[in-house]
Amino acid sequence: MVANKKPKTLEEALQIRASEETVVYAGGTDIMVDQVPEINFLFINGIESLKHIKDKGDHIEIGAGVTYTKLLASDLIPKLLKDSIVDIAAPALKNIATLVGNVCNASPLADTPPVLSLYDARLVLEKTGAERELTLDEFMLGLKDTAIEKDELMTYIRLPKKDFTDIYYEKIAQRKAASISKISFAAAATIKGDTVEVFRFAFGSISRTPLRLRELEASIEGRKLTDVKADIETIMAQCDEQIQTRDGKRSTGRYRKKVALNMIRDFIMTLGEKEEAE
Ligand SMILES: Cc1cc2nc3c(=O)[nH]c(=O)nc-3n(C[C@H](O)[C@H](O)[C@H](O)COP(=O)(O)OP(=O)(O)OC[C@H]3O[C@@H](n4cnc5c(N)ncnc54)[C@H](O)[C@@H]3O)c2cc1C
């Protein structure tokens, strides 16, 4: 017997999570295509306290009920995250789908996790009387597999503020918009004077969780920008060796690899040339 619940408060929602097995329903845009068998849905879209975007000083707090439309309209949301949202589906879907839903769905094809990874986003999981924060790597374990417990809800995403001077986002898909990614690429850097202080990039759609090459990133940080650009072929050889791409439904591994390398090269070679990013 299906008994859907629509709590008005977070406390009520957490009590329901603690006492019965439920599938959380935010915008429902992933769930509705997933063909979930008879099950109790816990609708969280009636909980007003989860619909805010707040400036918390060193970070921005995004509630689990915040839709893409609201994120795109907010001055608090960094451009790089907006760039990853703007081409997701059509406006009608953006009016109901949530960022938290995109993360909790744990799809390798999701467009926002690469950006959240670059921002060191902290994912807040709450149950009655307790809260914990996980990084994206700790939360996304694999395809549709996450670290969430049955009695928990993801309530917020906390996005630390960053002083990136350069950002880059590209989504390659069959069409410009309303299309699932063949590969997505998010990158960010902080250049001070001629020094690359922060350098990071992440790919979506080529591995089960966003792909970062953290050792390579660290080896570039602290170097002179001119030296990094002069060393481009060595860096590209390392990327070529470390990025593994497989054939998939939407494109071949060879195509994805070629595009991935082109995007990294373009990001590095245009570093320091773009307008202030954030
Ligand atoms: C036509 C179409 C086009 C799409 N295009 C794109 C695209 O271009 N890029 C892209 O990345 N995605 C795309 N999607 C997928 C989907 O719209 C997004 O992943 C969206 O962000 C999901 O948000 P939602 O609120 O609808 O999640 P829901 O469907 O409500 O939930 C998704 C999953 O997360 C769980 N969940 C949701 N909220 C919570 C919570 N607070 N705590 C714990 N678990 C939770 C649910 O139980 C479910 O397992 C598309 C979907 C459709 C139908």
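Here the structure is a predicted model, which is why all the values come from computation and not from measurement.

## So, the overall build of the protein
When its secondary structure is counted, the protein shows 12 helices and 12 strands. In terms of overall size, the protein behaves like a compact globule, its C-alpha atoms giving a radius of gyration of 19 Å where 278 residues would be expected to give roughly 19 Å. In terms of principal-axis extent, the alpha carbons of the protein reach across some 65 × 45 × 30 Å.

## A look at the domain arrangement of the protein
When the parts come together, some accessible area is lost, and that loss is often what is quoted as the size of the interface. Annotation of the protein at the domain level lists domain 1 (49-160) and domain 2 (166-269). Computed from C-alpha atoms alone, the centre-to-centre distance between domain 1 and domain 2 is 22 Å. Between domain 1 and domain 2, the contact holds 21 residues from the first and 21 residues from the second. Sorting elements by how many residues they give to the side of domain 1 that touches domain 2 places helix α7 (residues 113-118) first, with 5 residues. Among the residues forming the side of domain 1 that touches domain 2, the class breakdown is 13 nonpolar, 3 polar and 5 charged.

## Quick look at the site of the ligand
Around the ligand lies a shell of 28 residues, among which G27, T29, G101, N102 and C104 are the nearest. At 4 residues, the largest contribution of residues to the shell around the ligand is made by helix α6 (residues 99-104). Classifying every residue of the shell around the ligand gives 19 nonpolar, 7 polar and 2 charged.

## What to know about the nonpolar core
I44, L123, I157 and A186 are the most contacted members of the largest nonpolar core, which totals 67 residues. It is strand β11 (residues 181-192) that provides the largest number of residues to this core, a total of 6 residues. Among all residues touching I157, those that are not within four sequence positions of it are I62, L99, V100, L116, A121 and L123.

## Thoughts on the sheet that holds strand β6 (residues 130-134)
Spatially, 5 strands are ordered β3-β4-β9-β5-β6 in an open sheet, and the strand pairing comes out antiparallel. Of all the strands in the sheet, the pair left with one neighbour each is β3 (53-55) and β6. Averaged over all neighbouring strand pairs, the angle between strand axes comes to 25°, with direction disregarded. Both strand β4 (residues 59-63) and strand β9 (residues 153-160) contribute to a ladder of 5 bridges, which runs antiparallel. For G63, the partnering residue across the bridge sits in β9 and is Y156.

## A look at the environment of N105
Positionally, N105 belongs in the loop between α6 and α7. Using a count of 19 C-beta atoms within 10 Å as the deciding quantity, one classes N105 as partly exposed. Along the sequence, N105 and D30 sit 75 residues apart, while their C-alpha atoms lie 7.2 Å from each other. Excluding anything up to four places from it in sequence, N105 contacts D30 and A110.

Each value, and the rule that gives it
- Residues numbered from 1 in each chain as written.
- Predicted model: local features only at pLDDT ≥ 70, side-chain atom pairs only at ≥ 80, totals over all residues.
- Helix = DSSP H or I, 4+ residues; strand = E, 2+ residues; numbered from the N terminus.
- Rg over C-alpha atoms; globule rule 2.2 N^0.38 Å.
- Domains from an automatic or database assignment.
- Contact = placed C-beta atoms within 7 Å.
- Nonpolar A, V, L, I, M, F, W, Y, C, P; charged D, E, K, R; others polar.
- Near = placed C-beta within 6 Å.
- Core = buried A, V, L, I, M, F, W, Y, C linked by C-beta atoms within 7 Å.
- Buried ≥ 20, exposed ≤ 12 C-beta atoms within 10 Å, placed from the backbone.
- Pairing = 2+ DSSP bridges.
- Axes fitted to C-alpha atoms, helices over the stretch in contact; angles between N-to-C directions.

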